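# Breakdown of the fold
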Amino acid sequence: MAGVQTSALCNAVSNAGGLGSLPCAMLTSEQLRAELLAIKAGTNKPYNVNFFAHTPPEIDAARNLKWKSALAPYYHELGLNVDEFPSGQGRTPFNAESAELLEEFKPPVVSFHFGLPRPELLKRVKAMGAQIMSSATTVEEALWLQANGCDFIIAQGLEAGGHRGHFLNHDLNLQMGTFALLPQVVKAVNVPVIAAGGIATAEGVAAAMALGASAVQVGTAYMLADECSTSAIHRKALQSEAARHTALTNLFSGRPARGIVNRVMRELGPLSEFPPEFPLATPGIAPLRAKAESMGSGDFSPLWAGQNASACREAGAALITRELVSTLTTVRD
Ligand SMILES: Cc1cc2nc3c(=O)[nH]c(=O)nc-3n(C[C@H](O)[C@H](O)[C@H](O)COP(=O)(O)O)c2cc1C
């Protein structure tokens, strides 16, 4: 979960018998190296490193201007200089530099969001001996991932917090809830399927397994974990009644992602024509976020959360992990 966790959560989950994940989409190479060293020192259990696999778009001056105009009133309101409106890539995809670093550490599992990296890069990851996972939001995407070398497919239902992983078709009407998507993906592919989206309790885990999942991926339910770096503003929102109302918004990055509805989502979106293509929207809204957060407000923050934030609670990640698998009869160490 990029933005709300580091190796600390990854290590705690892996040490408790789950497969902890390190989100790498927003890390520089130096940060990635430091995190991989922290994992090496913190666990001897399997872990996963996660990257985005989008193709960085060209910066489009006209679309950036449109984005600037939409956000200008907020810049004025918060006393920011709109002439200093930043632009650029908000996130880096998996690239040759990431591959080189991973070759040093040989992580056992590498997962991707938004498809898979270019074939030559994927080949390098496979040559390290890593198992490959990626998110599918439709049956078509699951079949594509299987045909292109994925060892495990994550069926990401519409309930999930954070970015939708869709990559073949951007029509949101094609997106399905977890329990509609999961059995269809299980039926269509012959690799193991991991269910994701809205699973936050032991009963939810058992239900996903009953529908054919080989494992589950849980995000939101860990967001108040002691080892998570979720900000105080984000934690407060997760614990408030506002967490009952999430929506898909493209305002924070340019791609639909699920978060708790806040002021900017209500006033400009939640889905809007103003932001440029993913991930070019992030730099422009970042100063508003920083300024508002410095005043204790989450009005311009991506308050990512899934539809089932009700099970979020403050506890150690080991306890959360053990409780999630408590209804399963066999738990692998
Ligand atoms: C705060 C947050 C950040 C996320 N960041 C990532 C990410 O960096 N990479 C990724 O593949 N998925 C990311 N996701 C999606 C999760 O991998 C997963 O699909 C989702 O959390 C499952 O649904 P749930 O939140 O209802 O448990 C994120 C989810 C959340 C809540």
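Before reading on, note that the structure itself is shown above.
Residues numbered from 1 in each chain as written. Predicted model: local features only at pLDDT ≥ 70, side-chain atom pairs only at ≥ 80, totals over all residues. Heavy atoms only, no water.

Glancing now at empty space enclosed by the protein. Scanning all chains against the criterion turns up one cavity of 30 Å³ or more. By volume, the largest cavity is sized at about 40 Å³. Lining the largest cavity, in full, are Ile59, Asp60, Asn64, Ser87, Gly88, Pro276 and Leu280. (1 Å grid on protein atoms, 1.4 Å probe; cavity = no way out; pocket = protein on both sides within 12 Å on 5 of 7 lines; lining within 4 Å. Points joined across faces, edges and corners; volume = space filled by probe spheres on them.)

Let us look at the pattern of salt bridges. Two side chains that carry opposite charge are able to pair once their charged atoms sit near each other. Overall, the coordinates contain nine salt bridges when judged by the stated rule. Its salt-bridge partner being Arg33, residue Glu104 comes within 2.8 Å of it at the nearest N-O pair. In this pair, Glu104 is assigned in helix H4 (residues 96–105) and Arg33 in helix H2 (residues 29–42), connecting sequence segments 71 residues apart. The partly exposed category is assigned to Arg33, whose relative accessible area is 34%. Here Glu77 and Arg263 are joined by a salt bridge, their closest N and O atoms 2.8 Å apart. In this pair, Glu77 sits in helix H3 (residues 61–77) while Arg263 sits in helix H10 (residues 263–268), placing the two residues 186 residues apart along the sequence. When its relative accessible area of 18% is taken as the criterion, Arg263 is described as buried. Residues participating in the shared-partner salt-bridge network are Glu77, Arg263 and Glu267. (Salt bridge = Lys/Arg side-chain N within 4 Å of Asp/Glu carboxyl O. Helix = DSSP H or I, 4+ residues; strand = E, 2+ residues; numbered from the N terminus. Buried < 20%, exposed > 50% of the residue type's maximum accessible area, 1.4 Å probe, protein only.)

What surrounds the ligand is a group of 19 residues, the closest being Asn50, Gly198, Gln217, Gly219 and Thr220. One nitrogen or oxygen atom from the main chain of Gly161 is found 3.1 Å from an oxygen atom belonging to the ligand. Take Thr220: an N or O atom from its side chain is 2.5 Å from an oxygen atom of the ligand. Protein coverage of the free-state accessible area of the ligand, which is 590 Å², stands at 95%. Taken together, the residues of the shell around the ligand break down into nine nonpolar, 10 polar and no charged. (Near = heavy atom within 4 Å. Polar contact = N/O pair within 3.5 Å; in protein donor to acceptor, adjacent residues only side chain to side chain. Areas by Shrake-Rupley, 256 points an atom, 1.4 Å probe, with all protein chains shown as cover. Nonpolar A, V, L, I, M, F, W, Y, C, P; charged D, E, K, R; others polar.)

Here we come to the pairing of strand E2 (residues 47–52). On a regular strand, each side chain points to the face opposite its neighbour's, so the side chains alternate between the two faces of the sheet. Counting buried positions along E2 gives six out of six residues, so the element sits mostly inside the fold. Of the two faces of E2, the one lined by Tyr47, Val49 and Phe51 and the one lined by Asn48, Asn50 and Phe52 are each fully buried. Where strand E1 (residues 20–23) lies against E2, four bridges are found, and the strand directions are parallel. Note that in E2 the partner of Gly20 across the bridge is Tyr47. Bridge count between E2 and strand E3 (residues 109–113): five bridges; the pairing is parallel. Note on E3: the bridge partner recorded for Asn48 is Val109. (Pairing = 2+ DSSP bridges.)

The subject of this paragraph is the packing of aromatic side chains. Scanning the entire structure with this criterion turns up 10 aromatic pairs. For the pair Phe114 and Phe278, a centre-to-centre distance of 5.1 Å together with 70° between the ring planes defines the contact as edge-to-face. Note that Phe114 is positioned in the loop between E3 and helix H5 (119–127) and Phe278 in the loop between H10 and helix H11 (282–294), a separation of 164 residues in sequence. Taken together, the ring pairs connect Phe51, Phe94 and Phe112 into an aromatic cluster. The ring of Phe278 is capped by Arg255, whose NZ or CZ atom sits 5.7 Å from the centre of that ring. (Phe/Tyr/Trp six-rings, centres within 6.5 Å; stacked < 30°, edge-to-face > 60°. Lys NZ or Arg CZ within 6 Å of the ring centre and 35° of its normal.)

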